[in-house]
Amino acid sequence: MEELINGLGLIGIAVFAISGALAAMRQEMDAFGLVVIATVTAIGGGTIRDIILDVPVFWVQDPMSLYIVIAMAAITPFWGRMLESRMSILVLADACGLALFAVTGTEKALNFGATPLVAVMMGVMSAAAGGMIRDVLCNEVPLVLKKELYALPAIIGGACLVLLHMAGFDQKLNITLACMITLSIRLIAIKYSLSLPPVEKR
Amino acid sequence: MEELINGLGLIGIAVFAISGALAAMRQEMDAFGLVVIATVTAIGGGTIRDIILDVPVFWVQDPMSLYIVIAMAAITPFWGRMLESRMSILVLADACGLALFAVTGTEKALNFGATPLVAVMMGVMSAAAGGMIRDVLCNEVPLVLKKELYALPAIIGGACLVLLHMAGFDQKLNITLACMITLSIRLIAIKYSLSLPPVEKR
Amino acid sequence: MEELINGLGLIGIAVFAISGALAAMRQEMDAFGLVVIATVTAIGGGTIRDIILDVPVFWVQDPMSLYIVIAMAAITPFWGRMLESRMSILVLADACGLALFAVTGTEKALNFGATPLVAVMMGVMSAAAGGMIRDVLCNEVPLVLKKELYALPAIIGGACLVLLHMAGFDQKLNITLACMITLSIRLIAIKYSLSLPPVEKR
């Protein structure tokens, strides 16, 4: 099970690294900028999560994530056209990454004794903070704060995991279910172009 | 005394959360963006302070701050017009938050054995860093770096606390005095629209 | 040796603080903004490095760095014209700072048991992250990601140090050599205006 989670997490990292590399290319960054943006997008959220929980940062312990990020940053420029012409594959993969990061981030926080609310926050942070740092470095207001129904699936998925966890069900089952819930809501949001409206004063 | 500080700190968090929520609404963010900006404004500075001091992050230990932030983020859209028409109340409350964060941040750093200069820095960071992250996420140069006499009261208040602490006076007295000094300077700065001039080359 | 590294590191901090103060003055910030930008430029990278490695943050332990930053921030406005008219001295000093931060950052990470890839990352982060935060606070896309051959010398220098370290040579020799390699590449890049081209899609 541990291995399954890790394996799925590495796929999420690869997808997020590609999305970061594509954003860097749109900004006409050089090769170093491309690697930096790919890296912060893929591992930034998990890094902040680990620092706040005061546990060892995951990629300092096991550099496999870094190898994957660098490999993805290296191949994205050559595959860029192809990837963009198959945008739907990328969007699907990104939705999987979102689901995996949100659920495994929440699970990790629960395992280190975080309260339910903090655990859900850590899941959302794992999934969304990397993309927010990417947008800040590219000098844009983070997209996730304005136009996309991106964080809500992560919040709902994390909350489901906490509830299932408290109900005492099997860990494998909980993680699988919560991932599927997150992924489903995200895919429905993409398919029907759902988004939250801007908040207005009343 | 401990309880008094905590209670005052929670009021500061509520005020900063409201100012973050109002900034998010000006940026036409959605409900998630509003909660994120309210959260980083209210607890961002204290989080960085705790990470640098390598002590447990305060809201991971006790989630009360988070409940307050979420409650404030939820009610601000409904109270937005009313709050802005009573701007002077908000400005006064923000000045109280500044004083409380600066002094309690300095006190916390001193308790964990920080040197005087580091302790004052931690106080200023508690009070000002959250607002700086808010402005960066909203894609603006942080206001506190340019146009407002905002950080100076925090620096003076923190320095007073350190001096009183070294003079060996009673902790309650020290904190009360330092808070009042910070608040007074800030209110005088607001009343007379004082600000530091831009630094020019000589 | 330890003292030599520390002494050289403090020179690097002084140079980076001046470059931060000059950037703040270009943005017409006030005195507080100038100190903040000088501080994050000079010690931001090393702070993130220490937090990720989970070791005590260097300037909390020994406040000498902070005194130097504040002194540099205080004198830069008076020396501003003179400094800019001798830009070449500043650029040379900045290249020395880059070399010192990259190599001592890598060395510190190796001493705390980091893997080679993580150690090189920590060196680059020490050298470049402070400038990136400076640019984000000044609301610009970090220069280092786009137009300058700035990070590559740090990467090569850090990698050389790791290789020399693994080859078992004397620590003093390794550090001296790696610093000279980093500095040489950076100076060549400046002299011939070398930069990496933007990455393009293929």
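Residues numbered from 1 in each chain as written. Chains lettered and ligands numbered in written order. Predicted model: local features only at pLDDT ≥ 70, side-chain atom pairs only at ≥ 80, totals over all residues. Heavy atoms only, no water.

Visitor: So what's going on with the relation of the copies chain B and chain C? Which residues, and what values?
Guide: For the pair chain B and chain C, the best superposition has an RMSD of 0.0 Å and corresponds to a rotation of 120° with a translation of 0.0 Å parallel to the axis. In short, the pair behaves as if placed about a three-fold rotation axis. Within chain B, the C-alpha atom positioned nearest to the axis of rotation is that of Asn139(B), 3.9 Å from it. When the interface residues of chain B are mapped onto chain C, a mere 14% of them are again interface residues, pointing to distinct binding faces. (Least-squares fit on C-alpha atoms with pLDDT ≥ 70 in both. Contact = heavy atoms within 4.5 Å.)

Visitor: Describe the interface of chain A and chain B, with residues and values.
Guide: With 28 residues of chain A at the interface, the matching set in chain B holds 31 residues. Carbon and sulfur atoms supply 72% of the area that chain A and chain B bury against each other, a total of about 2600 Å² over both sides. Summed over the shared surface of chain A and chain B, the number is zero salt bridges. Broken down by secondary-structure element, the contributors of at least two residues to the side of chain A that touches chain B are helix H2 (31–53), helix H6 (116–137) and helix H7 (151–167) of chain A. Sort the elements by how many residues they give to the side of chain A that touches chain B and H6(A) lands first, with seven residues. (Buried area = accessible area lost by both parts, 1.4 Å probe. Salt bridge = Lys/Arg side-chain N within 4 Å of Asp/Glu carboxyl O. Helix = DSSP H or I, 4+ residues; strand = E, 2+ residues; numbered from the N terminus.)

Visitor: Mind laying out the UniProt feature "transmembrane region" (unreviewed entry) in chain A, listing which residues take part and the relevant values?
Guide: Residue and element names in this part refer to chain A. Following the UniProt record, the feature "transmembrane region" (unreviewed entry) maps to residues 6–24, 31–52, 64–80, 87–105, 117–137, 149–169 and 175–194 here. Helix makes up 81% of residues 149–169 and strand makes up 0%, while its end C-alpha atoms are separated by 29 Å. Secondary structure over residues 175–194 splits into 85% helix and 0% strand, and the C-alpha atoms at its two ends are 25 Å apart. (UniProt positions renumbered as here; feature names shortened; annotations may be inferred.)

Visitor: Outline the packing of H2(A) against H6(A), listing residues and values.
Guide: Any two packed helices are characterised by how steeply their axes cross, that is the angle between the axes, and by the distance between the axes. All names here are of chain A. Following both chains from N to C, one finds H2 and H6 inclined at 135°, their axes separated by 7 Å at the closest point. Here H2 is positioned oblique relative to H6, judged by the angle of their axes. Both H2 and H6 take part in a crossing whose hand is right-handed. Across the interface between the two elements, Ile37, Val40, Thr41, Gly44, Gly45, Gly46, Ile48, Arg49, Ile52 and Leu53 from H2 touch Met122, Met125, Ser126, Ala129, Gly130, Gly131, Ile133, Arg134 and Leu137 from H6. (Axes fitted to C-alpha atoms, helices over the stretch in contact; angles between N-to-C directions. Parallel < 35°, antiparallel > 145°, perpendicular 65-115°, else oblique. Left-handed = near helix turned anticlockwise from the far one by under 90°.)

Visitor: Before we move on, could you go through the packing of aromatic side chains and cite the residues and values that matter?
Guide: Residues and elements named next belong to chain A. The full count for this structure, using the stated rule, is three aromatic pairs over all chains. For the pair Phe16 and Phe101, a centre-to-centre distance of 4.8 Å together with 50° between the ring planes defines the contact as tilted. Of the two residues, Phe16 sits in helix H1 (residues 2–26) while Phe101 sits in helix H5 (residues 87–111), which places them 85 residues apart along the sequence. Looking at Phe101, the relative accessible area reads 8%, which means it is buried. (Phe/Tyr/Trp six-rings, centres within 6.5 Å; stacked < 30°, edge-to-face > 60°. Buried < 20%, exposed > 50% of the residue type's maximum accessible area, 1.4 Å probe, protein only.)

Visitor: Residue-level account of the UniProt feature "domain: Glycine transporter" (unreviewed entry) in chain A, with values.
Guide: The UniProt entry lists residues 9–77 and 92–165 of chain A under the feature "domain: Glycine transporter" (unreviewed entry), expressed in the numbering used here. Taken as a whole, residues 9–77 of chain A contains 86% helix and 0% strand, while its terminal C-alpha atoms sit 23 Å from one another.

Visitor: Give me the lowdown on the packing of helix H7 (residues 151–167) of chain B against helix H8 (residues 171–191) of chain B, citing residues and values where you can.
Guide: Residue and element names in this part refer to chain B. Running from N to C, H7 and H8 cross one another at 160°; their axes reach a closest spacing of 8 Å. Here H7 is positioned roughly antiparallel relative to H8, judged by the angle of their axes. The hand of the H7/H8 crossing is right-handed. The segment H7 lies against H8, with Pro153, Ala154, Ile156, Gly157, Cys160, Leu161, Leu164 and His165 engaging Asn174, Ile175, Leu177, Ala178, Ile181, Thr182, Ile185 and Arg186.

Visitor: Kindly report on the side chain of Thr41(C), identifying the contributing residues and their values.
Guide: Residue and element names in this part refer to chain C. Take Thr41: it is sitting in helix H2 (residues 31–53). Accessibility expressed as a relative area gives 3% for Thr41, which makes it buried. For Thr41, the side chain forms a polar contact with the main-chain oxygen of Ile37, separated by 2.6 Å. When sequence neighbours within four positions are dropped, the list of residues in contact with Thr41 reads Phe16, Ser19, Gly20, Gly130, Gly131 and Arg134. (Polar contact = N/O pair within 3.5 Å; in protein donor to acceptor, adjacent residues only side chain to side chain.)

Visitor: Lay out the pattern of salt bridges with the relevant residues and their values.
Guide: Residues and elements named next belong to chain A. Under the counting rule described, the total for this entry stands at nine salt bridges over all chains. The partner of Asp135 in a salt bridge is Arg134, with the nearest N and O atoms 3.1 Å apart. A network of salt bridges, in which partner residues are shared, links Arg49, Asp50 and Lys108.

Visitor: So what's going on with a nonpolar patch on the surface? Which residues, and what values?
Guide: All names here are of chain B. Taken together, the side chains of Val91, Leu92, Leu187 and Ile190 define a hydrophobic patch exposed on the protein surface, amounting to about 260 Å² of accessible area. Counting residues per element, the ones that place at least two in the nonpolar patch are helix H5 (87–111) and H8. Among the secondary structure elements, Val91 is positioned in helix H5. (Patch = residues over 30% accessible without salt bridge, like charges linked within 9 Å, V, L, I, M, F, W, Y side chains within 5 Å. Areas by Shrake-Rupley, 256 points an atom, 1.4 Å probe, with all protein chains shown as cover.)

Visitor: An account of helix H6 (residues 116–137) of chain C is requested, with residue identities and associated values reported.
Guide: Residue and element names in this part refer to chain C. A rise of 1.5 Å per residue sets the reference length of H6, with its 22 residues, at 32 Å; its end C-alpha atoms lie 31 Å apart and thus fit the reference within 8%. When the local axis directions of H6 are compared, the greatest deviation, roughly 40°, occurs at Ala128. Counting buried residues along H6, 18 of its 22 residues qualify, which places the element largely inside the surrounding structure. At the exit of H6 stands Asn139, carrying a positive phi of roughly 65°. (Expected span 1.5 Å × (residues − 1). Bend = angle between axes of the 7 residues up to and from the residue.)

Visitor: Give a detailed account of unusual backbone geometry, specifying residues and quantitative values.
Guide: Residue and element names in this part refer to chain B. In this model, Asn139 sits at a positive phi of 60°, which is unusual for a non-glycine residue. With respect to the helices, strands and loops of the structure, Asn139 is situated in the loop between helix H6 (116–137) and H7. With a relative accessible area of 25%, Asn139 lands in the partly exposed category.

Visitor: Could you give an account of the relation of the copies chain A and chain B, with specific residues and numbers?
Guide: The two copies are related by a screw motion: chain A maps onto chain B through a turn of 120° and a shift of 0.0 Å along the axis, at an RMSD of 0.0 Å. Different-surface contact between copies: only 14% of interface residues of chain A are shared with the interface of chain B.

Visitor: So what about the state of the cysteines? Which residues, and what values?
Guide: For the coordinates displayed, the defined rule picks out zero disulfides over all chains. Here Cys96(B) stays unpaired: no disulfide links it, and the sulfur of Cys179(B), its closest cysteine neighbor, is 9.2 Å away. No disulfide involves Cys138(C); its nearest neighbouring cysteine sulfur is the one of Cys138(B), lying 17 Å away. Under the relative-accessibility criterion, Cys138(C) is labelled buried at 4%. (Disulfide = S-S within 2.5 Å.)

Visitor: Break down the interface of chain B and chain C for me, with residues and values.
Guide: The interface is formed by 29 residues belonging to chain B together with 31 residues belonging to chain C. Here chain B and chain C share an interface that buries about 2600 Å² over both sides, 72% of which is from carbon and sulfur atoms. For the pair chain B and chain C, the number of links is one residue pair in polar contact (both at pLDDT 80 or more). Going through the elements one at a time, helix H2 (31–53), H6 and H7 of chain B are the ones with two or more residues in the side of chain B that touches chain C. By residue class, the composition of the side of chain B that touches chain C is 19 nonpolar, two polar and eight charged. (Nonpolar A, V, L, I, M, F, W, Y, C, P; charged D, E, K, R; others polar.)

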